[in-house]
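Geometric and topological summary
Given next are the chains, with one letter for each unit.
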Amino acid sequence: MFLGTSALSTSALAACGSGSGTSVTVSTSSSSSSSSSSASSPSSSSSSSSATATCTALPTETSGPFPGDGSNTVSGSVVNALAQSGIVRSDIRTSVGSYSGTATGIELILTITLVNTNASCASLASYAIYIWHCNRDGGYSLYSSGVTNQNYLRGVQVTDVNGQVTFTTIVPACYSGRMPHIHIEVYSSLATATAYSNAIKTTQFAMDRAFCEIFYAAATGYSASISNLAAISFASDNVFGDDTSAQLAASTLTPTGSIAAGYTGSMTLGVAL
């Protein structure tokens, strides 16, 4: 789960439409790769979890080659979106600072609940969560050809009293060599969320395979993801491939909704503190 880097597909996707009007809804019971029902769901009372509460600590995973957290460079310059004014925001679809642009794709509203697996799943307030993922074409802002002048699909938020944050983003593509995923770094506070060296957890959420198979086939602009997904599995993925079944279940996001109305999804992010 620590090794391997993402191979980026540079193939451009055809069409730029929104794909409105088509309904794609996938039940959590339809996943062939993992049981999303095994993943804990956010709770408004998570700050007072009972002693019998159980939750799974997500595995530590690679940040990959495109983290934008100060850990690597592009063309000789350090890339650190965490130092960018405006990076603390809930809607991460647009670029901030000196960049301008909006990532095209189907809306995904993602709620994350941060809990301590060593304290009966008690929620963790005032922690900072940084997420990032690829765009509809499989490219990463700040790194990939055509979007080095963008910093969209990256953002930081601080967990509330229930340990929750909610991001508005898009459904990520599946690019060559990786199962669809979302990257996450957790920091003990907003003040420390300035560089990768301060992160207390680095992990990834996996997108449910059954959902993705139906979604990519129906959503405009995601057609390249169909063949990319067909060529990969959780077992062969160089990040998720060595996770236990419990870890994979806890890491898997199964959105609900429709292409016309957008999707929502909730994840419990368990860390052992």
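Residues take numbers from 1 onward in each chain, read along the sequence in its written order. Per-residue local features of the predicted model are confined to residues with pLDDT of at least 70, and side-chain atom pairs are confined, for both listing and counting, to 80 or more; whole-chain, interface and lining totals are unaffected and use all residues. The side-chain numbers reported here are obtained from all heavy atoms of the structure, hydrogens and water having been left aside.

What to know about the state of the cysteines
The term disulfide is used for any two cysteine sulfur atoms that are within 2.5 Å. The tally for this structure, following the rule as stated, stands at 1 disulfide. Through a disulfide, C55 is tied to C121; the S-S separation comes to 2.2 Å. Across the S-S bond of C55 and C121 the torsion is about -115°, and the bridge reads as left-handed. Highlighted residues: C55 in the segment before β1 (69-74) and C121 in the loop between β3 (107-116) and β4 (122-123), separated in sequence by 66 residues. The pair C55 / C121 is uniform in exposure class, with both members buried. Here C174 stays free of any disulfide, with the sulfur of C212 as its closest cysteine sulfur at 7.3 Å. Burial here depends on accessible area, computed with a 1.4 Å probe over protein chains only, as a share of the maximum for the residue type. Under 20% is buried, over 50% is exposed, and the range in between is partly exposed. Classification of C174 by relative accessible area gives buried; the value is 2%. Classification of C212 as buried rests on a relative accessible area of 0%. Under the DSSP-based scheme used, a helix requires at least four consecutive residues in state H or I and a strand at least two consecutive residues in state E, with every element numbered from the N terminus.

What about unusual backbone geometry?
The phi angle at C121 is positive, at roughly 65°, despite the residue not being glycine. Despite not being glycine, L142 has its phi angle at roughly 75°, a positive value. Looking at where L142 falls in the secondary structure, it is placed in the loop between β5 (128-132) and β6 (154-158).

Things to note about the environment of L58
Looking at the secondary structure, you find L58 in the segment before β1. Taking the relative accessible area as the measure of exposure, L58 reaches 1% and is therefore buried. Along the sequence, L58 and S251 sit 193 residues apart, while their C-alpha atoms lie 6.5 Å from each other. In this structure, L58 is in contact with K201, T203, Q204, F205, A250, S251, T268, L269 and G270, ignoring residues within four places of it in sequence. The contact definition used throughout considers only heavy atoms, calling two residues in contact when any of these lie within 4.5 Å.

Some remarks on the nonpolar core
Judged by nonpolar contacts, the single largest core of 63 residues is most densely connected at I112, I129, F205, F215, Y222 and L269. Where this core is concerned, the elements lending two or more residues are β3, β5, β7 (164-170), β8 (181-187), β9 (201-207), α1 (209-218), α3 (245-251) and β12 (262-271). At 5 residues, β5 tops the list of elements feeding residues into this core. In contact with I129, not counting residues within four places along its chain, are I112, L114, G155, V156, Q157, T159, V165, F167, I184, E185 and L269. For this analysis, a nonpolar core means a set of buried residues of the types Ala, Val, Leu, Ile, Met, Phe, Trp, Tyr and Cys, connected via side-chain atoms within 4.5 Å.

Comments concerning a nonpolar patch on the surface
To count toward a patch, a residue needs a relative accessible area above 30% and no salt bridge. Like charges then connect within 9 Å, nonpolar side chains (Val, Leu, Ile, Met, Phe, Trp, Tyr) within 5 Å. Per-residue and other accessible areas follow the Shrake-Rupley method at a 1.4 Å probe size, with only the shown protein chains counted as cover for residues. Counted as salt bridges are all cases of a side-chain nitrogen of Lys or Arg within 4 Å of a carboxyl oxygen of Asp or Glu. There is a patch of nonpolar side chains on the surface, built from V88, V158 and L190 and spanning about 220 Å² of accessible area. Mapped onto the secondary structure, V158 falls in strand β6.

Some details on the packing of aromatic side chains
Here the distance between the centres and the angle between the planes together describe a pair of aromatic rings. To pair, rings of Phe, Tyr and Trp, with the six-membered ring standing in for Trp, must have centres within 6.5 Å; the planes then decide the type, stacked if under 30 degrees apart, edge-to-face if over 60, and tilted in the middle. A complete count under the given rule lists 11 aromatic pairs for this structure. Geometrically, the ring pair formed by F211 and Y263 is edge-to-face, given 5.2 Å between the ring centres and 80° between the ring planes. Of the two residues, F211 is situated in helix α1 and Y263 in strand β12; the sequence distance between them amounts to 52 residues. Members of the aromatic cluster, connected to one another through ring pairs, are F211, F215, Y216, Y222 and Y263.

A word on the side chain of S95
Examined against the element boundaries, S95 turns out to sit in the loop between β2 (77-80) and β3. Taking the relative accessible area as the measure of exposure, S95 reaches 10% and is therefore buried. In protein, a polar contact requires one atom able to donate a hydrogen and another able to accept it; more generally it is a pair of N or O atoms within 3.5 Å, and residues adjacent in sequence count only if both atoms are side-chain atoms. A polar atom in the side chain of S95 sits 2.5 Å from the side chain of Q150. Only 3.3 Å separates the side chain of S95 from the backbone nitrogen of Y152, close enough to count as a polar contact.

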